Each structure stands twice: as structure tokens, then as C-alpha cells.
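Remarks on the overall topology
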Amino acid sequence: MDPTCSSESIYNLIPSGAKEPLQPPRYTSIFKTTVREDIEKTKTAMKTMGPAKVEVPSPKDFLKKHSKEKTLPPKKKFEWNEPRKPPVPLRTEHPVMGIQSGKNFINTNAADVIMGVAKKPKPIYVDKRTGDKHDLESSGLVPKFINKKDYGVTPEYICKRNEEIKKAQEEYDNYVQENLRKASMKKLSDEEREAVLQGLKKNWEEVHKEFQSLSVFIDSIPKKIRKQKLEEEMKQLEHDIGVIEKHKIIYIANK
């Protein structure tokens, strides 16, 4: 009989309950207390989930009637420090009578009117047929600005700005000239430019004449290559001629 096989028994036919494996003890960090204390130190109100822990009001401290009304400051005695007006005369007091003036007010008023300067009427203008009147001075219809002494004179700030622009342009021109001198660039004269232009045109005529002398049928690779070469030379010469004719001033850099 094989020793590895268990012996047959009737008890083996009875189903046995499964044994649950023992679970290891739950892991607890040794820094749990330290972390909890640090969190409680740095925690502030309403920064975590839920409201802050506040003290609940006592039922005895309920809202009472007139408890939120504003109280007036205590009453103070009014004191008047300014001088008072003279009192009203009594009924028994009578004014001084019999004082008369010898001034003739009628003649005085007439003389003032005759000798006085007549009042100038206020300038107005009417813009409707119904007679609507408006002030003429503030309407803009009176030529005030053309009568000023500085009318038509260039302001000082514009003159100053023009001088600054002129000075900046002179500095830029000097800077360009200095760079051209440092780079040893040579300006092509009109005679040299005309000579170069005529030489390019002469070369273009020679290449064009050679291009015209090609055979009508281009049936070989060397002929195609020669035709392409002549076309490229003519195209380059036409480009150079156009550049020289377009620009009147040409600089040549010495390399």
C-alpha cells in the first residue's frame, strides 16, 4: 500500500468545516501620535471638512427683547459760548426823534445815472425763429484763439521733439557710416556701375546667341544638360542686371 495515500475510512466521507486562516495583527505606525499632534497644532478653523468646534450657546443666554437696540449716550447740559444778540427794546423805550438829513436823494440819484457808464448788454445769439437766446461767449462762435499772440506759432515741445528726432537721425547716420568704414565697404561709382551693367548685358547677349544656336531637337542627354546650363546662366544674368538697375547706390564688401 502506498504510504502517501491516506487510509480509507468512513469518517473521510463526512464533510468537515473549512478552517479560517488566522489573520496577522493589524499594523499600527509608531509615528501615529506624533502626526496627530502636528496636525492639531497646524489646524485652523474651517480648513478641514466641517465647521470648527465652537462652544454651543447656553439655553439661558437667549435673545431678549430690546437687547440689540442702541443705547444713547448720557445727556449733557447744553452750554452756549457764542455772544448773544442785543435784546429787543422794551415798550417803554422810544427812539430818538427829530433827526433829519439835508441830502437830496432825487438829485443825487439822477446825477449818478447821468454821470455813470452805461452797462453793456450781454452778447447773445438766437438759433431758432422762436427767439431762443444763448450766451455768445461760450458758444464758440467768437474768434478768440486767432487773436492770441502765440496763434500759429509752433509749440516749444514740438520744436524740442523735432530737434531730438534730427539729432537721433544724425547719430544713426554717423553710426552707419562708422560701420561701413569698419567693414571696409566700398561704394561703387556711377562709371563702375555702368561698366558692370554693360558687361552683364554683353554676357547675356553672348549666352543668348549661344542658346539660339542650339539644335531644334534635343534628343540626347548632353544637349539637355547644355540647354539647362545656358538657361540658368541667362536667368542669373537677368537677375543681376535687374538688381543693378533697381539700386542706384551699391556697396562692395572686401572679403
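Criteria and cut-off values
- Residues numbered from 1 in each chain as written.
- Predicted model: local features only at pLDDT ≥ 70, side-chain atom pairs only at ≥ 80, totals over all residues.
- Heavy atoms only, no water.
- pLDDT = per-residue confidence, 0-100.
- Helix = DSSP H or I, 4+ residues; strand = E, 2+ residues; numbered from the N terminus.
- Phe/Tyr/Trp six-rings, centres within 6.5 Å; stacked < 30°, edge-to-face > 60°.
- Lys NZ or Arg CZ within 6 Å of the ring centre and 35° of its normal.
- Salt bridge = Lys/Arg side-chain N within 4 Å of Asp/Glu carboxyl O.
- Buried < 20%, exposed > 50% of the residue type's maximum accessible area, 1.4 Å probe, protein only.

Focus on the confidence of the model for the protein
Confidence in the prediction for the protein averages 84 pLDDT; 91% of positions are at 70 or higher. The spread of mean pLDDT over the elements of the protein runs between strand E3 (residues 185-187), the lowest at 73, and helix H2 (residues 105-115), the highest at 91.

Focus on the packing of aromatic side chains
Applying the stated criterion to the full structure yields one aromatic pair. Ring geometry for Phe78 versus Trp80: centroids 6.3 Å apart, planes at 50°, classification tilted. Its end group placed over the ring of Phe62, Lys64 keeps NZ or CZ at 5.8 Å from the ring centre.

Some remarks on the environment of Phe62
Locating Phe62 in the fold gives a position in the loop between helix H1 (32-42) and H2. C-alpha separation for the pair Phe62 and Arg193, spaced 131 residues apart in sequence, amounts to 107 Å.

A few points about the pattern of salt bridges
Taken as a whole, this structure holds five salt bridges when the rule is applied. For Glu210, the salt bridge identified is with Arg226, shortest N-O distance 1.8 Å. Of this pair, Glu210 sits in helix H4 (residues 190-212) while Arg226 is found in helix H5 (residues 221-246), placing the two residues 16 residues apart along the sequence. When its relative accessible area of 30% is taken as the criterion, Glu210 is described as partly exposed. Here Arg226 falls in the partly exposed class, since its relative accessible area comes to 41%. Ionic pairing is found between Lys223 and Asp219, a salt bridge with its closest N-O pair at 3.5 Å. The class of Lys223 is partly exposed, set by a relative accessible area of 35%. A relative accessible area of 63% places Asp219 in the exposed class.

Description of unusual backbone geometry
Where the residue is not glycine, phi is negative for most of them; where a peptide bond is considered, it is trans in most cases. Its identity as a non-glycine residue notwithstanding, His66 has a phi of 60°, on the positive side. Looking at the secondary structure, you find His66 in the loop between H1 and H2. Since its relative accessible area comes to 52%, His66 is described here as exposed.

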